[in-house]
Amino acid sequence: MKFLEPIGRQAGQVLYLVSEFGMESMIKKCLFPAAGYGTRFLPATKSMPKEMLPVVDTPLIQYGVEEALEAGLSEIAIVTGRGKRALEDHFDISYELEHEISNTGKEKSLSGVRQLIDECTFSYTRQVEMKGLGHAILTGRPLIGDEAFAVVLADDLCLNLEGDGVLSQMVKLYEQFRCSIVAIQEVPMEDVSRYGVIAGEALRDDIFRIERMVEKPRPEDAPSNLAIIGRYILTPDIFSLIEQTEPGKSGEIQITDALMKQAQQGCVLAYKFKGQRFDCGSAEGYVQATNFCFENRHRTHPVSAANARLKAVSA
Ligand code: UTP
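Being a predicted model, the structure only gives us computed values, none of them experimental. (Residues numbered from 1 in each chain as written. Predicted model: local features only at pLDDT ≥ 70, side-chain atom pairs only at ≥ 80, totals over all residues. Heavy atoms only, no water.)

### Structural notes on helix α1 (residues 60-70)
Next, step 1: Most of α1 is tucked away, with ten of its eleven residues classed as buried.
Next, step 2: One or two residues past the end of α1 sits G72, with phi positive at roughly 90 degrees. (Buried < 20%, exposed > 50% of the residue type's maximum accessible area, 1.4 Å probe, protein only. Helix = DSSP H or I, 4+ residues; strand = E, 2+ residues; numbered from the N terminus.)

Given below as structure tokens:
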């Protein structure tokens, strides 16, 4: 059953909030662009994917896949590149190792990733030239097809100890609004030049309809301090908009430019999520994430933090 509630006007058209009950989640796929060079984390990332950096004992990509599965997204699509094969090996069985530790206490340490292997499907494609996040998302198109999907940048570690994970919160919003949604966070004004920054009309305290987006503005040019972080829900028309997007100054195809066109043609929402986000692509954020996870997860669940997380997922 569908309910329509008017929430605003755009180009003379009334925008509706669509509420539908009794339906399964409409989003099943989650795309992980993971082909970037990770230059901020050299030399660690010279021969190892940034997404495999461990936060305490679990690689970043695993936190991301757990968050996706918690949100009901079990079809995992990963855009990889040269030197990223460890990502595929992580989500596969390791017979020799598993045989070696079977019937020992260490077996439990792998149960979290085993559960992901059992409950998710994993598909991969390679980005041959690293031409930016927008281009990486376009590279994932054959794995996604013509349906709405989530995007997780695994180096942004998002945790919500109080309730639903960030992707779960966004999937619920998508089921109401049925348009692309980006997760945002307030950041100090001096940091805006590291992010895409939005301005828009507040529909609720935590939801904005985007009117402007600027990629990596100088603080004096930024329309706000609301920064886009690495969680998106995208409708599939984004692919043709990315195709029409010219590379920016850095030569990279920015997702922000394609989203701005989508916002002008229809509606893109920005959502101030509940929870914590750590920029694990930078040393500072990575250390903060490690301390946070050690204090809040590992120490409180010393046997296996992954089991504790996944218990919450299956509950
Ligand atoms: P980042 O800019 O944070 O990642 O891109 P990077 O380029 O790997 O890192 P630095 O800045 O050099 O340290 C955000 C996400 O987009 C992916 C990255 O892997 C990361 O998850 N990405 C970026 C691609 O998959 N392909 C690209 O061409 C660029």
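### Some remarks on the environment of Q169
Next, step 1: Position of Q169 among the secondary structure elements: in helix α7 (residues 166-177).
Next, step 2: Here the alpha-carbon distance between Q169 and K274, two residues 105 residues apart in the chain, equals 8.1 Å.
Next, step 3: When sequence neighbours within four positions are dropped, the list of residues in contact with Q169 reads N160, D164, Y271, F273 and K274.
Next, step 4: Polar side-chain contacts of Q169 include one of 2.7 Å to the side chain of Y271. (Contact = heavy atoms within 4.5 Å. Polar contact = N/O pair within 3.5 Å; in protein donor to acceptor, adjacent residues only side chain to side chain.)

### What to know about the side chain of H135
Next, step 1: Mapped onto the elements of the fold, H135 is located in helix α5 (residues 133-139).
Next, step 2: Separated by 2.9 Å, the side chains of H135 and Q127 make a polar contact.
Next, step 3: Setting aside anything within four residues of it in sequence, one finds H135 in contact with Q127, E129, I242 and I253.

### Considering the site of the ligand
Next, step 1: Around the ligand, 18 residues are found, and the nearest of them are G38, T39, R40, Q127 and G132.
Next, step 2: In this structure, D155 approaches the ligand through a side-chain N or O atom, which is 3.5 Å from an oxygen atom.
Next, step 3: In isolation the ligand offers 560 Å² of accessible surface; the protein chains occlude 83% of this area.
Next, step 4: In the shell around the ligand, the residues fall into eight nonpolar, five polar and five charged. (Near = heavy atom within 4 Å. Areas by Shrake-Rupley, 256 points an atom, 1.4 Å probe, with all protein chains shown as cover. Nonpolar A, V, L, I, M, F, W, Y, C, P; charged D, E, K, R; others polar.)

### Considerations on the pairing of strand β6 (residues 75-80)
Next, step 1: When you tally the buried positions in β6, you get five out of six residues, the bulk of the element.
Next, step 2: The sheet contact formed by strand β3 (residues 29-33) and β6 spans five bridges and is parallel. Residue pairing across strands places C30 opposite I76, the latter belonging to β6.
Next, step 3: Both β6 and strand β7 (residues 121-126) contribute to a ladder of six bridges, which runs parallel. (Pairing = 2+ DSSP bridges.)

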